[in-house]
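# Analysis of the macromolecular model
Chain residues, written in single-letter form:
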Amino acid sequence: MQRHASHLNIETGKQFVLGGQQRGAIRVKARNTGPVPVSVGERLPDGTVRELGRPEPRQATRLAFAAGSAALVRTLGERGAGLDVVITGIDVSYKMGMGYEDLKK
């Protein structure tokens, strides 16, 4: 099992997207290091999105994402957010796309 640690900065009006085409399930340990709460969701392979949690500032959480699902993180405030994350899974280097996308209004 592989492991990857990273820090994320999430701007207002955008969401961070992790994964979406990986072969296996992934697990994420995250700590909200920013000044505002964040929403963490999962986009399933069929496009359905479900919210998994809303970590407050300084709060930590553990989440699991199915094979082929994408993790979605967005700020719930008027300010940017930050998270420290540790990602583990079958092969986190294979097709683990990461990037930002604009939130739909």
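Preceding this section is the structure that the text describes.
To keep things clear, this report deals only with the structure shown in the data block. (Residues numbered from 1 in each chain as written. Predicted model: local features only at pLDDT ≥ 70, side-chain atom pairs only at ≥ 80, totals over all residues. Heavy atoms only, no water.)

## Some points on the packing of aromatic side chains
Counted according to the given criterion, the structure contains 1 aromatic pair. Consider the rings of Phe16 and Tyr100, whose centres lie 5.2 Å apart with planes at 65°: the pair is edge-to-face. Of the two residues, Phe16 sits in strand E2 (residues 14-19) while Tyr100 sits in strand E9 (residues 98-102), which places them 84 residues apart along the sequence. According to the relative accessible area criterion, Phe16 is buried, its value standing at 7%. (Phe/Tyr/Trp six-rings, centres within 6.5 Å; stacked < 30°, edge-to-face > 60°. Helix = DSSP H or I, 4+ residues; strand = E, 2+ residues; numbered from the N terminus. Buried < 20%, exposed > 50% of the residue type's maximum accessible area, 1.4 Å probe, protein only.)

## A look at the sheet that holds strand E3 (residues 26-32)
One open sheet accounts for 4 strands, arranged E1-E8-E3-E6; its pairing is antiparallel. Lying at the two open borders of the sheet, with one neighbouring strand each, are strand E1 (2-10) and strand E6 (60-65). Each adjacent strand pair in this sheet contributes to an overall mean axis angle of 20°, direction not counted. The pairing of E3 with strand E8 (residues 81-89) spans 7 bridges and is antiparallel. (Pairing = 2+ DSSP bridges. Axes fitted to C-alpha atoms, helices over the stretch in contact; angles between N-to-C directions.)

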